[in-house]
Amino acid sequence: MKRQQNNRKWGAIIGVVSVIIVVGIGLFFYHNFFRQTHGDLVETIPPDASFILQLNDNENFVKTSNPLLPYLGEVLSLDALPGFEFFMDKFHGKNGVIISCHQSDNNKKLLFSTRISETTFKELLKTLRIDPRNYIPFDNVKIYSFGTHYKKFNFTFHNNFFTISEDVELLKKSIVQIKNPRNLLSNKNFSTIYENIIQKNNKQNWLIVQNKPFFEETRFFLSDEYHLWSEQLANVSEWGAFVIRLNDKEVSLSGYALEGSPFFEKFKQQPTSGTADVQIVPFNSNSYTSVKTSDPTLFSSTISAIYPTADKEELAYFNKLLPVSTIAFHLQKDTVKYSYIALKIDSTVSSLVAIAPDSADNTGIIFKKYTIHPVKKGHFNTLLSILHQNIDMSYYVEYQGHYIFSDTEVALQHYINNLQSNFTQQPLYKFAKTNIPSENNFEFCFIAPEPDWTLPYASPQAAHSHTVKGIQVISYSFSAPQKGFVPMNIYIKMR
């Protein structure tokens, strides 16, 4: 009996060990053969990518990107795209492709991958007249090189992936990456967007942005005073994904970022009805920024999340006014720039008594039938710091249900002098408006009125770039978070 029990015991142990061995062998073969040869294109990309272009319709992207290549080359470093397409033309197919951008020795380099068969690759070597024996061995993979009339490229074929890059070290990182189970799909934030948004819309072309490295790289285009913008955008979400559509000189991006950040969280309960009352912004302003603030407590806590050192007295003061929306804009007069904050206030629930000056005699001045009122104290520095100003909002004038604040009476007189026409009457505004959703929490719109007009946000080193000189219209908007995602829209029109 005891011997039978021992036999059963050893039989169970052997059975368990056998199962473990079989499972281990199965996992080994799955990881080293099946997964690698049937993996997703995104698994070829090292996780440090600043952005990824997943082109499900590569032919359409190439066709529509041609008029924009001078700009795409500067912003997305897509100057290597024609070289990539040189190889794609040899395949005579419409394969999906994926392009990623990586920082290498202080330069941005691209990695390009598509899926082909081994037979197709051998035919490519014959077409390019490359000796199959002339290669660089790396990690059991052969790396070939070929100089097109665009650039010199390194390329390889492994696990049914055809991968190209100018940078051989980046190509090697990709070869190693496909063998590593810790890839972008194992990143929770990336996989959430990829599986729930991108893979469910596999007919579109996608721009996938890793915000932190992307905005760090694009800081080159912004002047120092606006670097805080890029820092804040870099931190609102780890990843964002946008359907990218190109049309002549226009770029439209429509997509989502992950909710999850303190900034977006504060907009979750903020009403989204309607768009900005742009009629109160004069025609000759070049831009405006509008934020829904129907719940000022939420808005104030949003500012506190962005700027932990924000003056609590200023925020409490703002709360007392109960503004429905807040619009910031500028006006230029010769070399002087005037800054304004416009609050739409519901007079049935709010009163301006809190901001009236202590002296009853200080009731303001009349200018062209408008009364310019003094304010007890300038309390909008924190709000204006979002736009990188540092001025007191010491006076206001009422116009079309809005209270327009600025730092001097002269600034408000200049505002009143420019009320004959408004921002919506700018001919180019119609392009931006068609790309701003009718329901949103935040809007930004910039219009360059003339070809020689300098983009005010540009750094001196970028001022003469094709991109800065070519921008006509930029609009950006986002809506309240929905099911874990924040809807966003970006529109850019070039000259």
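Structure first, text after, so check above.
Residues numbered from 1 in each chain as written. Predicted model: local features only at pLDDT ≥ 70, side-chain atom pairs only at ≥ 80, totals over all residues. Heavy atoms only, no water.

A. Just unusual backbone geometry, in detail. Phi at Asn159 is positive, roughly 55 degrees, even though this residue is not glycine. Tracing the backbone shows Asn159 in the loop between strand 6 (152–158) and strand 7 (161–165). Positive phi outside glycine occurs at Asp334, with the angle close to 55 degrees. By secondary structure assignment, the location of Asp334 is in the loop between strand 12 (323–333) and strand 13 (336–345). Taking relative accessible area as the criterion, Asp334 reaches 71% and is therefore assigned exposed. (Helix = DSSP H or I, 4+ residues; strand = E, 2+ residues; numbered from the N terminus. Buried < 20%, exposed > 50% of the residue type's maximum accessible area, 1.4 Å probe, protein only.)

B. A look at empty space enclosed by the protein. The tally for this structure, following the rule as stated, stands at 2 cavities of 30 Å³ or more. In this model, the second largest cavity occupies a volume close to 30 Å³. As for the second largest cavity, its lining consists of Ser50, Phe51, Val75, Leu76, Ser77, Cys101, Lys108, Phe214, Glu217 and Thr218. Among the residues forming the lining of the second largest cavity, the class breakdown is 5 nonpolar, 3 polar and 2 charged. (1 Å grid on protein atoms, 1.4 Å probe; cavity = no way out; pocket = protein on both sides within 12 Å on 5 of 7 lines; lining within 4 Å. Points joined across faces, edges and corners; volume = space filled by probe spheres on them. Nonpolar A, V, L, I, M, F, W, Y, C, P; charged D, E, K, R; others polar.)

C. Representation of the nonpolar core. One finds Leu53, Phe87, Phe121, Phe155 and Phe162 to be the most contacted residues of the largest nonpolar core, which totals 64 residues. Element by element, the count of residues in this core is highest for helix 4 (residues 81–91), at 6 residues. Contacts of Phe87, omitting those with residues within four sequence positions, involve Leu124, Leu128, Phe146, Thr148, Phe153, Phe155, Phe162 and Ile164. Of all hydrophobic cores here, the second largest spans 31 residues; its members include Val278, Ala411, Tyr429 and Cys445. (Core = buried A, V, L, I, M, F, W, Y, C linked by side-chain atoms within 4.5 Å. Contact = heavy atoms within 4.5 Å.)

D. Geometry of the pairing of strand 15 (residues 370–374). Only one face of strand 15 is covered, namely the one carrying Tyr370, Ile372 and Pro374; the face carrying Thr371 and His373 has none of its residues buried. Here strand 14 (residues 365–367) pairs with strand 15 via 3 bridges, running antiparallel. Its bridge partner being in strand 15, Ile365 is matched across the sheet by Ile372. Counting the residues in the hairpin turn of strand 14 and strand 15 gives 2 residues, including Lys368, whose phi is positive at 50 degrees. Inspection of the sheet shows strand 15 paired to strand 16 (residues 395–399) by 3 bridges, in the antiparallel sense. What sits directly across from Ile372, in strand 16, is Val397. (Pairing = 2+ DSSP bridges.)

E. How the structure looks around the side chain of Ser65. Here Ser65 lies in helix 2 (residues 58–65). For Ser65, the side chain forms a polar contact with the main-chain oxygen of Val62, separated by 3.1 Å. Aside from chain neighbours lying at most four places away, what touches Ser65 is Leu72, Leu81 and Leu246. (Polar contact = N/O pair within 3.5 Å; in protein donor to acceptor, adjacent residues only side chain to side chain.)

F. Representation of the packing of helix 4 against helix 5 (residues 118–127) within the structure. In the contact formed by helix 4 and helix 5, the axes pass within 10 Å of each other and the chain directions differ by 115 degrees. Taken together, the axes of helix 4 and helix 5 are roughly perpendicular relative to one another. Helix 4 and helix 5 meet at a crossing whose hand is right-handed. Where helix 4 approaches helix 5, its residues Phe87, Lys90 and Phe91 are matched on the opposing element by Thr120, Leu124 and Thr127. (Axes fitted to C-alpha atoms, helices over the stretch in contact; angles between N-to-C directions. Parallel < 35°, antiparallel > 145°, perpendicular 65-115°, else oblique. Left-handed = near helix turned anticlockwise from the far one by under 90°.)

G. Fine view of the side chain of Asn422. Locating Asn422 in the fold gives a position in the loop between helix 14 (409–417) and helix 15 (429–433). For Asn422, a relative accessible area of 16% gives the class buried. One polar contact links Asn422 to Thr424, side chain to side chain, over a distance of 2.3 Å. Aside from chain neighbours lying at most four places away, what touches Asn422 is Val278, Gln279, Val281, Pro282 and Phe283.

H. Representation of the pattern of salt bridges in the model. Under the defined criterion, the tally for this structure stands at 9 salt bridges. Glu118 is the partner of Lys122 in a salt bridge, and the nearest nitrogen-oxygen pair spans 3.8 Å. Of the two residues, Lys122 and Glu118 are both situated in helix 5; the distance of 4 residues between them amounts to about one turn of the helix. One salt bridge connects Lys212 with Glu216, and the closest N-O pair in it is separated by 3.8 Å. Note that Lys212 and Glu216 are positioned in helix 8 (residues 211–217) at a spacing of 4 residues, about one turn of the helix. In this structure Lys212 comes out as partly exposed when scored by relative accessible area, which is 47%. Glu216 sits in the partly exposed class, given a relative accessible area of 47%. (Salt bridge = Lys/Arg side-chain N within 4 Å of Asp/Glu carboxyl O.)

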